[in-house]
Amino acid sequence: SLKGADSQQSSASQAAEALADHETPILKKRLIASVGFLLVLMYFSMGHMMWGWPVPQWFEHNHVAMGLLQLLLAGIVMVINQKFFISGFKGLIHGAPNMDTLVAVGTGSAYLYSLYSLISILQGNLHAVHSLYFESAGVVVALVQFGKHLESISKKKSTGAISALLQLRPSNATLLRDGKEVEIQAEEITI
């Protein structure tokens, strides 16, 4: 065996591991969970108003129960996608806001305003029913998660192309030493 052959194989496996896609499956799971809870949230928040879909009888004209269910479902969608909030608020605290900051501040504001409106409903202000935006917060977070998933897929394809190019590199090289051709391992070439 060649001297250093084990280290060459381990560096090749390390390079393959570095190019491996660990992000896309996680983002896909988050997206599926987000969409699942978002569909239920949209059914209860908008289905009966926009499409006339039936709601359970104990929800009909029970604005508090409907608001609490929306609070819970939107909260679940936001917890599933908590990475946006962690990254966004860290960026805001460090004075380096990013796209996650925009998502976190916008959806967090919609969620907190809706919570304030829900408290107003509990205190008897039925006009606040029209100020619930839990579904908006959930939709925005889920759509951004969808965008992150698409970005991850695109990155995976690019990484696959780079990996294929790395596979094309030759393992041997022919050098001209003292007028004679000498074949050596490509990794042994130094500049």
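Before reading further, recall that the structure is shown in the block above.
Residues numbered from 1 in each chain as written. Predicted model: local features only at pLDDT ≥ 70, side-chain atom pairs only at ≥ 80, totals over all residues. Heavy atoms only, no water.

Q: Would you mind going over the pairing of strand S1 (residues 172-177) in detail, with residue names and values included?
A: As paired strands, S1 and strand S2 (residues 180-185) are joined by 6 bridges and run antiparallel to one another. Each bridged residue has a counterpart across the sheet, and for asparagine 172 the counterpart in S2 is glutamine 185. Connecting S1 to the antiparallel partner S2 that follows it, the hairpin turn spans 2 residues, and aspartate 178 within it adopts a positive phi of roughly 55°. (Pairing = 2+ DSSP bridges. Helix = DSSP H or I, 4+ residues; strand = E, 2+ residues; numbered from the N terminus.)

Q: Give a description of the packing of aromatic side chains that names residues and reports values.
A: Applying the stated rule across the entire model yields 6 aromatic pairs. Considering the side-chain rings of tyrosine 111 and phenylalanine 134, the 5.3 Å spacing of their centres and the 70° angle between planes classify their relative orientation as edge-to-face. Taken together, the residues span a long stretch of sequence, with tyrosine 111 in helix H5 (residues 99-122) and phenylalanine 134 in helix H6 (residues 134-167) at a distance of 23 residues. Residue phenylalanine 134 is classed as buried on the basis of its relative accessible area, which comes to 0%. (Phe/Tyr/Trp six-rings, centres within 6.5 Å; stacked < 30°, edge-to-face > 60°. Buried < 20%, exposed > 50% of the residue type's maximum accessible area, 1.4 Å probe, protein only.)

Q: Describe the nonpolar core, naming the residues involved and giving the relevant values.
A: Phe44, Phe59, Met78, Phe85, Tyr111, Phe134 and Val141 are the most contacted members of the largest nonpolar core, which has 27 residues in total. If you tally residues by element for this core, the top one is helix H3 (residues 63-80), at 8 residues. Contact partners of phenylalanine 44, with chain neighbours within four places excluded, come to Val55, Pro56, Phe59, Met66, Leu69 and Gln70. (Core = buried A, V, L, I, M, F, W, Y, C linked by side-chain atoms within 4.5 Å. Contact = heavy atoms within 4.5 Å.)

Q: Explain a nonpolar patch on the surface to me, and be specific about the residues and the numbers.
A: Residues Met49, Met50, Trp51 and Trp53 make up a contiguous nonpolar surface patch of about 490 Å² in total accessible area. If you trace the backbone, tryptophan 51 turns up in helix H2 (residues 23-51). (Patch = residues over 30% accessible without salt bridge, like charges linked within 9 Å, V, L, I, M, F, W, Y side chains within 5 Å. Areas by Shrake-Rupley, 256 points an atom, 1.4 Å probe, with all protein chains shown as cover. Salt bridge = Lys/Arg side-chain N within 4 Å of Asp/Glu carboxyl O.)

Q: Give a detailed account of unusual backbone geometry, specifying residues and quantitative values.
A: In this structure, histidine 61 takes a positive phi of about 65° despite not being glycine. Among the secondary structure elements, histidine 61 is positioned in the loop between H2 and H3. Relative accessible area serves as the criterion here: at 70%, histidine 61 is assigned to the exposed category.

Q: Please provide a residue-by-residue account of the environment of tyrosine 133, values included.
A: Topologically, tyrosine 133 is positioned in the loop between H5 and H6. Spatially, the C-alpha atom of tyrosine 133 lies 9.1 Å from that of serine 45, the residues being 88 residues apart in sequence. Apart from residues no more than four positions distant in its own chain, tyrosine 133 is found in contact with Ala110, Tyr113 and Ser114.

Q: Can you tell me about helix H4 (residues 82-93), naming the residues and giving the values?
A: Compared with an ideal rise of 1.5 Å per residue, which puts 12 residues at 16 Å, H4 spans 16 Å between its outermost C-alpha atoms and is within 8% of the ideal. Turning to H4, its buried residues number three or more, namely Phe84, Phe85, Gly88 and Gly91. The buried residues of H4 all sit within an arc of 140° when viewed along its axis, so they share a single face. Packed against the buried residues of H4 are H3, H5 and H6. The first or second residue beyond H4 is glycine 95, which carries a positive phi of 75°. (Expected span 1.5 Å × (residues − 1). Arc of directions from axis to C-beta.)

Everything listed here is a matter of geometry and, on its own, says nothing about what the molecule does.
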